[in-house]
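Structure at a glance
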Amino acid sequence: MLRQERMNQHGRGVSAAERDDVMKDVDVIARDVPSALMPIVGGLTSRRKRVPYWYMYDTRGSEIYEEVATTSKTYLNWHNEHSVLQSHSDDIAAKTTSPVILMELGSGASSKTRLVIEAMLKRHGTLTFVPVDVSKEHIEEVGQQLEGDYEGLTVEPFGGLYMEGIRHLSTRKDPKMLLFLGGSFGNICIHEQLDMMKEVRAQLTAKDRFVLGLDMNMDRESLLEAYGQQWANNVLNNPIDRLNKDFDGDMDAAKFELVNDFVENPADGDTPSYVMGYWRSLAEQRVYFCKLGLNLDFQRGEKFFFTDGPNWSCKWSLHQIRRLAEKSGFALEDYWTNEAADYGVFCFAPAP
C-alpha cells in the first residue's frame, strides 16, 4: 500500500484531517511517479476525490485561463483588476524603495503585471522580476518576452509552489514586493488562508510589501454565471486530459459535468463568502489509471473536486480583509478599488 507525504497547493504538509481522508484500502503502484505528482495520487486515493487547484495550470491550462479571463463578458476579475492597476500602478510602485525585487505568485502570462513592471522601472530605473508558477516552461517563455520588451528588467523565473518561491527569495536582502493578483489568493483552501498569510509574514522584513488582488463581488446571480460552463475547458477538460496523460488513464470528460454554487457568509464575520465548484459524474462508471494500477469507481451524481478545500474562489468584505491582516501579523497599509468597488488591490505591510 502506498504511504505518502502529500503537500498542499502552497507547499506545506497536509493536516491530520487530510491524512485521515486517504482511503486505507487502496493499493497504488507509485514507484515510477515523479514526486511532483504525488499530491495528485493523494487526491485520487482520498475519500473526497480531488485534484489540487494548481493542477489546472500547466502551459495549456494557463493559456485557456488567459483566453477566458481576458475575453469573457461575465467573468470580470481580469478587467476589474486591470482597471485598478491602470489607475494605481504608480501608487503601488511608490510603496517600494530601490533596489527592489518584484515577485509574482502564480504569474502565468503576467499580462496585467506589465503595468506594475512599467511603473517600477519608471520609478527605480532597473528591476528584478521573479515570476513563480508551477508551469516553469511557460514562465520562462514569458520571461524572455518581458526582458525583450523592457530595458532594465531582469527576469528570474522560479518553477514551483507559492511558498517555495517565497522561501527561495527570503534570503535576498533587497526590499521585496510580492504580488498575488487575479483573486488567486481566494483559490487557496479557505482553511489554509490564514496560515499561508502567517507563513508569508514570517518570510518578510519591515521594508517588504505583500500586494493581493481580492474580489469583493457578492452578487450570487452574476457569480454563478461568471464561474459557469465557460470554464469547463480549464477546470474539467484540461485536468482530465492531464490525468490521462500523467497516469495512462481512460477518464472520459464527457461523462462529467461542471457544477458550481455560491456560499454566502456574513460580511461582518471573519469567513469570506465563496464560489464552490466540482465535477459531477453523469453515470455509474469505472476509471482506470494504468500507471498506478488504480481503479476508481464513481456513482451517478458523485462529486470530484478540483480544489483542496470547499472554495473555488473567495469573495471578501473590507471587514474580512482587515481581520485577515490583523490575525496574520500584517497591517492593511493601503488599497485601491475599481469604480464599482467590487474588486480591490490591497497592500499589506508587516506589522511591528
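Procedures and definitions
Residues numbered from 1 in each chain as written. Predicted model: local features only at pLDDT ≥ 70, side-chain atom pairs only at ≥ 80, totals over all residues. Heavy atoms only, no water. Helix = DSSP H or I, 4+ residues; strand = E, 2+ residues; numbered from the N terminus. Expected span 1.5 Å × (residues − 1). Bend = angle between axes of the 7 residues up to and from the residue. Contact = heavy atoms within 4.5 Å. Phe/Tyr/Trp six-rings, centres within 6.5 Å; stacked < 30°, edge-to-face > 60°. Buried < 20%, exposed > 50% of the residue type's maximum accessible area, 1.4 Å probe, protein only. Lys NZ or Arg CZ within 6 Å of the ring centre and 35° of its normal. Polar contact = N/O pair within 3.5 Å; in protein donor to acceptor, adjacent residues only side chain to side chain.

This part takes up helix α10 (residues 232-247). Between the first and last C-alpha of α10 there are 21 Å, a value that for 16 residues agrees with the 22 Å anticipated at 1.5 Å per step. The principal kink in α10, of about 25°, is found at N238, preceding the proline P239 by one to four residues. Residues of α10 that are buried make contact with α2 (38-44), α3 (59-71), β7 (256-263), β8 (273-281) and β9 (285-289). D248 sits one or two residues past α10 and shows a positive phi near 50°.

Moving on, we come to the packing of aromatic side chains. Scanning the model with the defined rule gives 20 aromatic pairs in all. With a centroid separation of 4.9 Å and an interplanar angle of 65°, the aromatic rings of Y162 and F180 are classed as edge-to-face. With a gap of 18 residues between them, Y162 in helix α7 (residues 162-170) and F180 in strand β5 (residues 176-180) connect regions that are remote in the sequence. For F180, a relative accessible area of 0% translates into the label buried. With 6.3 Å between their ring centres and 80° between their planes, F247 and F289 make a pair best called edge-to-face. A residue pair is termed long-range when its members are at least 10 positions apart, and F247 in helix α10 and F289 in strand β9 qualify at 42 residues. We note R48 situated over the ring of F305; from NZ or CZ to the ring centre the distance is 3.9 Å.

Bringing the environment of R114 into the picture now. Along the chain, R114 turns up in helix α5 (residues 113-124). Residues R114 and A267, spaced 153 residues apart in sequence, show a C-alpha to C-alpha distance of 33 Å. When neighbours within four sequence positions are excluded, R114 is seen to be in contact with Q145, L146, D149 and Y150. At 2.9 Å, the side chain of R114 and the side chain of D149 are in polar contact.

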